[in-house]
Structures are given as C-alpha cells and as structure tokens.
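Here is what each chain is made of, one letter per residue.
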There are 2 protein chains.
Amino acid sequence: MEPKENRTTEEAILEAAEAEFIEKGFDQARTVSIAQRAGVTNALLHYYFRTKEQLFDKILDRKIGLIEEVVTSLFADPDLPLKERLTRVISRHFDLLVANPGLPRFLMGEMHRVAPLMKERVLSKMLPALMSLQKEIDMDATHLLLDILSQNMFPFLVGPALELSGVASEGMDTLLEQIKQENITIILKRLGL
Amino acid sequence: MEPKENRTTEEAILEAAEAEFIEKGFDQARTVSIAQRAGVTNALLHYYFRTKEQLFDKILDRKIGLIEEVVTSLFADPDLPLKERLTRVISRHFDLLVANPGLPRFLMGEMHRVAPLMKERVLSKMLPALMSLQKEIDMDATHLLLDILSQNMFPFLVGPALELSGVASEGMDTLLEQIKQENITIILKRLGL
DNA sequence: ATCTTGTTTAACAAACTTGTCAAGGCAAAG
DNA sequence: CTTTGCCTTGACAAGTTTGTTAAACAAGAT
C-alpha cells in the first residue's frame, strides 16, 4: 500500500510542537501538551516521532534552515557595493527576526543543543563569505558579523520582558522598522560607509 | 536559645545552589544535586529553604543586587564629563560580566522569572538617571543603555557556545580587555564623543 | 540531669512525564 | 469479503524529582 496522504496529523503535531517548544523551551515543553494542541493523543505523537528529542530536532532543523537562508544571502550579488550588501544582510536578518520574534530567545535558551548543528550547517557555509568580506574591511569580519547578530537580536531578547520600554503593540511595526534602520546606520557608520 | 552560629551549612547550600542554577538553569537544576554539592541531604536543603523556588529566589536576589550596584554607578559623580561617566558605566558593567561570565546566559534563560524583579528593583532606580542622561544626548537614552548592555553581554552569550571564535583560554584575559575597550570606543563614537 | 531548640538523617509519598503496548479501526488491494 | 498495512486509542509502567515526616542527635539553658 502506498504511504497514505496523511500529512495533516503529522503537520499538526509539528506545528503544535513548534509553538510549544519556542514558547516554553525544551525542558518546560510537555509532550502531552503538544499532543493536546495538535488534537491528538500522546501515544500518537510518539508514534510519529519516537521521542521528544526527535521531535525537537525536527523543529530545530526547520529553524536552522531559516537562518541558512539569510546566511547564503551573504553570497548573493557578490559584486554589489559593500554598503548595499551589508544593508541587505542586516535587513534580511532583522526581517527574519520580526517574522520569528521568539527565535532569538529560543536559540539562546537552547544554545547547547543548537550549537553543534549551527556550527556544522551555518558556520561552515559562512566561512567563505567571511573570508571574502575580510578583504574589504579593516575590522575583524567575524567580530563584525557577531555585532550585527547581537544588535539585531537583542531587542527581541529583552523585548518580551521589558515590553520594549512600555511601548504597546500599536506602534510596534513602526518601532521595529525604526530599530532596523538604526541598526543599519550604526553598523555602516562603524565601517565609515 | 539564640540562633546557632551555623551559617556554614546554609552558606554551603547557597553556594552550591548558585553554581548549579547558573550552570544548568532552574529547570535542569536538581535539588538533590545541589544538596550533594553542599555535602548535605536533600531533606536538609528543604529544611533551610522550603522549596526549590525559594532557594532560587535567594540566588536571584544576590545577582540582581550585583546589577543594582552597576546601575547606581550611573548616579555617581554626577558632574563628571559625560564621556568619562559613560566609559565608567560600560567598563564596570563589562567587569561585572567578566567576574560573572555565566550571568548573561542565566538571566536570559530565566528572563520570565527575572523580569518582574528586574523591573521593580533595577529599572525603577534607573529611571532618574536615564532622565538626566537624556538631557545630554541626542539619541534615545533607553535605547543607548540597551545597546550598551547588548554589546557587553553578547560575547558572554555566544562565547561558551562558539568558544569565542576558537580562542583558547590562554589569551582570554587580553581578548576580553580588548573587547571591552572596543565596546567603549564604539559607544562613544556613536555619540560623537 | 533534663529540657529545649535548632540541626540532621533515612525513608517515604505524591505528582508528574515520558514512552510503550495490546487491541481495535479504516481504507485500499486482492 | 477478506486481507494487509497504516493509523489511532486507552491504559499503563517506569523513572524522576520535589517535598514531607518521624525520629535521632548535639549542645546550651535551667
């Protein structure tokens, strides 16, 4: 018999798992809670994904994939002006975070699980881009990249806790856009661009 | 009868708890493990500190206290030149992190527990200093402060994971000093100082 | 010496969580 | 219709972890 076209339940579980894991982190996430969210029993969850960790890894894979996309954008348009390339990287990275506001906190909290995969899949792809970038700037390229990540991620790390200095959700869109532009300006200014 | 002078066991438990909590976070921390580290039984731990959460709160109090110290240094020498004051704040904050390298990761991971206490004890004290600082600079003072925190904390957040770009522990001291000076320069340059 | 108060221990229970199992259901193939 | 293979379920077991309890212990007060 052909594999039945029952992606729905599997997808439902994956979506529920993604929400739960990002919301609560691996430790606080409960498999039964995920199953409930997906509208299935816990046994079914374990039927599709043997263990909690395997389910987690599936989710992690998805998210790392998103970051890979941004990283590969470092290669794109290799003969565009440096200023323009950096602007795009910062912008795309920030947009990624806007679309996944919980991602920074999730990755940071699960760093010990994330690091190996990150090193293997992302850092290796980043290396050539970093090497060529290094030829164009004075400061250490790795350090620059870390600063970009830092500056972009930090609002999302502290934001949920401090409610971004009391700003409600109304002006959120414009505030985020403002922060993004600011981050771009700051990085470019540091390189004298 | 006067309270017996048996601070030793209580302190031992507190120290063990601090190590365990910062090392593993609240969820992964085990009360029995803390008790073992302190060389006592788990029952004794619960005798001194009723619950795991109460013990955690005691530790959190200590750490928040450290941050309070740095924050209050914003008030110190109110008629020192702005440049000098900022330099001191960045420097003291960075030194605090050097002395407590696990603190950023700990605070970030436990943000949901940290945030309320942080808001009440630290942010309130920060407000007057921020108001007066705002009169002296163009950009948003809160944003500036977040950037300072961001820039200082990030190396400690990603450091343990990436091994700080492969740098071993030998050159660590000088590397940290280098990063600190860099952070100071970057912030000052942004303000045109 | 005995009482009292704070300390310490071993054993225990209660709750929670992950993961398994045996059995039934359902839809297409034969 | 029956077989076959995936899907689904309820009940359950096994392990962990927090927190309690009753009883013993040490030492100063009376």
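The rules behind each value
- Note that residues are indexed from 1 along each chain, following the sequence as it is written.
- Working convention: letters from A go to chains and numbers from 1 go to ligands, in the order in which they are written.
- In keeping with the predicted nature of the model, local features appear solely for residues at pLDDT of at least 70, side-chain atom pairs appear and are counted solely at 80 or more, and the whole-chain, interface and lining totals rest on all residues.
- With hydrogens and water set aside, each side-chain value is computed from the structure's full complement of heavy atoms.
- Think of a nonpolar core as a cluster: buried Ala, Val, Leu, Ile, Met, Phe, Trp, Tyr and Cys residues, connected wherever their side-chain atoms sit within 4.5 Å.
- The cut-offs for exposure are 20% and 50% of the maximum accessible area for each residue type, with area from a 1.4 Å probe on protein chains only; residues under the lower value are buried, those over the upper are exposed, and the others partly exposed.
- Counting from the N terminus, the helices are DSSP H or I runs at least four residues long and the strands are E runs at least two residues long.
- It only takes one pair of heavy atoms within 4.5 Å for two residues to be counted as in contact.
- Buried area counts how much accessible surface, traced with a 1.4 Å probe, disappears from two parts once they are put together, with both parts' losses summed.
- Here, a salt bridge means any side-chain nitrogen of Lys or Arg that lies within 4 Å of a carboxyl oxygen of Asp or Glu.
- Any pair of N or O atoms that falls within 3.5 Å is considered a polar contact. Within protein, one atom must be able to donate a hydrogen and the other to accept it, and sequence-neighbouring residues count only if both atoms are side-chain atoms.
- When the copies are overlaid, the least-squares fit takes in C-alpha atoms only where the residue has pLDDT of at least 70 in both copies.
- Domain delimitation follows an automatic or database domain assignment.
- Three classes are used: nonpolar for Ala, Val, Leu, Ile, Met, Phe, Trp, Tyr, Cys and Pro, charged for Asp, Glu, Lys and Arg, and polar for all others, with Gly counted as polar.

**Looking at the nonpolar core**
In this structure, Ile13(B), Phe21(B), Ile34(B), Leu55(B), Leu60(B) and Leu144(B) are the most contacted members of the largest nonpolar core, which totals 46 residues. Among the secondary structure elements, those contributing two or more residues to this core are helix H1 (7–28), helix H2 (31–38), helix H4 (52–72), helix H5 (82–99), helix H6 (103–109), helix H7 (111–134), helix H8 (141–166) and helix H9 (172–190) of chain B. Here the element with the most residues in this core is H4(B); it accounts for eight residues. Formed by 45 residues, the second largest nonpolar core is a distinct cluster that contains Ile13(A), Phe56(A), Ile64(A) and Phe106(A).

**Focus on the interface of chain B and chain A**
Contact with chain B, which involves 25 residues of that partner, is made by 24 residues of chain A. Summed over both sides, the interface of chain B with chain A buries roughly 2500 Å², with 66% coming from carbon and sulfur. Linking chain B with chain A are zero salt bridges, by the criterion used here. Joining chain B to chain A, the criterion identifies three residue pairs in polar contact (both at pLDDT 80 or more).

**Description of the relation of the copies chain B and chain A**
Copies of the same chain, two in number, are related to each other by a rotation about an axis and a translation along it. Rotating chain B by 179 degrees and translating it 0.0 Å along the rotation axis places it on chain A, where the RMSD comes to 0.0 Å. This pairing of chains is accounted for by a two-fold axis. No C-alpha of chain B lies nearer the rotation axis than that of Gly109(B), which sits 2.6 Å from it.

**Looking at the domain arrangement of chain A**
Residue and element names in this part refer to chain A. According to the domain assignment, chain A contains domain 1 (9–50) and domain 2 (54–190). Each of domain 1 and domain 2 has a C-alpha centre, and these two points are 27 Å apart. Overall, the association of domain 1 and domain 2 removes approximately 1200 Å² of surface from exposure, summing both partners, and the carbon and sulfur fraction of that is 71%. When the shortest N-O distance is used, the salt bridge between Glu-11 and Arg-62 registers 2.9 Å. Here domain 1 is connected to domain 2 by four residue pairs in polar contact (both at pLDDT 80 or more). Broken down by element, the side of domain 1 that touches domain 2 gets its largest block of residues, 10 residues, from helix H1 (residues 7–28). Partitioning the side of domain 1 that touches domain 2 into residue classes produces nine nonpolar, one polar and four charged.

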